[in-house]
Structure formats: structure tokens, C-alpha cells
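# Observations on the three-dimensional arrangement
The primary structure of each chain is shown beneath.
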Amino acid sequence: DGQVSFKEFKAMAESPDPAEEDFLQGGIPAHTSESIALQQRNEQAEKKREVFTRCVQTCRMEKEDVYGMLKMVKHKHSSSRSLSHESFYVGYEDICELMPAASLLSRSDCRTIFDLLRGGEETIDSRDLITTFTNFVAGFGLEERCKL
């Protein structure tokens, strides 16, 4: 008949994403695996935003710092004749060296950045680190980001 109970209506009104939840459980939203995965991705993105913003502010990073990181990565791999995708992968210690003003940045922030970017692997692609910083350091236009 199209009517919903008060509990179901209240649950829909209070839900952060009513389009993704099933309210046919007596007003208690039944979380689907898709909505849980979406929530986890959103939480990870928020944490990433928080950590990178804090890092940029603490280190007072500018465009030159990001280009310096890129220069260090390219210099490190300039000795090898054939650059492969794997040659840009770095570990935790390498990330701490790449970070500008690393003395201002806590080891826990370096570890958090490494964990956020590694996706379960033992290393990360240094280009992902640099690209992520271009999203948080002021002055990078879309074309400039793509050229990196």
C-alpha cells in the first residue's frame, strides 16, 4: 500500500545515504556490503585528506618541494638505462627521505602516508606520492599535474 512505519521513515530521514540502504528491517537500516565498502572508502579518503593537509601545512610545502621530490626520484633512477614501472617503487625509509623538511614531519605521519598509499603491498609507487601531493599543495593546475 506504499505506507511506511514511523520507525522506517525516521531511519530513512536520519540515514546519511538513504539511497544505498534497505529500510525493510523494521526501521533499522540493513547495511549492505556495498554501503559498508563505500563507507570504508570515504573514511580512508577523509583520513588521507587530513594527513596530507597536515603534512603540507607542517612542512610549509610549496610547488618547488614537489618538483624537488620528482627530481630526487628521477635522479635515483637515472643510472639505470631502462626505466620500468617497478623502478619507481620505494619503501618506507625511502619515503621518509623523499619528504621535504622530513625533520618537521613525525615518523608516524610518514608511516601513515606510506600505509595509505601502499594498499597492502610492501612498497609504493613514488609517482603516486608525488601526484597526491599535487592535490594538496597550492598552485598546481590540472595541466601541470598531468605533465608530472
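Residues numbered from 1 in each chain as written. Predicted model: local features only at pLDDT ≥ 70, side-chain atom pairs only at ≥ 80, totals over all residues. Heavy atoms only, no water.

If you tally the helices and strands in the protein, you get seven helices and two strands. In the protein, the succession of α and β elements from N to C terminus is α-α-α-β-α-α-β-α-α. Expressed as a percentage of the 148 residues in the protein, the buried residues total 31%. Intrachain contacts of the protein at a sequence separation of at least 6 include 59% that bridge at least 24 residues. For the protein, the exposed area adds up to about 9,900 Å²; of that, 51% sits on carbon and sulfur atoms. (Helix = DSSP H or I, 4+ residues; strand = E, 2+ residues; numbered from the N terminus. Buried < 20%, exposed > 50% of the residue type's maximum accessible area, 1.4 Å probe, protein only. Contact = heavy atoms within 4.5 Å. Areas by Shrake-Rupley, 256 points an atom, 1.4 Å probe, with all protein chains shown as cover.)

A separate point is the pattern of salt bridges. Within this structure, the stated rule accounts for seven salt bridges. In this structure, Glu144 and Lys63 form a salt bridge, with 3.0 Å as the shortest nitrogen-oxygen distance. One end of the pair, Glu144, is in helix 7 (residues 142-147); the other, Lys63, is in helix 3 (residues 63-77), with 81 residues separating them in the sequence. Owing to a relative accessible area of 24%, Lys63 belongs among the partly exposed residues under this scheme. Three or more residues joined by partner-sharing salt bridges are found here, namely Glu50, Arg54 and Asp109. (Salt bridge = Lys/Arg side-chain N within 4 Å of Asp/Glu carboxyl O.)

Before going further, it helps to examine unusual backbone geometry. With the exception of glycine, the majority of residues adopt a negative phi angle, and the majority of peptide bonds are in the trans configuration. A positive phi angle, near 50 degrees, is found at Arg60, a position not held by glycine. By the secondary structure assignment, Arg60 is in the loop between helix 2 (33-59) and helix 3. Accessibility expressed as a relative area gives 67% for Arg60, which makes it exposed.

Looking now at the side chain of Asp125. Tracing the sequence through the fold places Asp125 in strand 2 (residues 124-125). Of the polar contacts made by the side chain of Asp125, one reaches the side chain of Arg127; its length is 2.8 Å. (Polar contact = N/O pair within 3.5 Å; in protein donor to acceptor, adjacent residues only side chain to side chain.)

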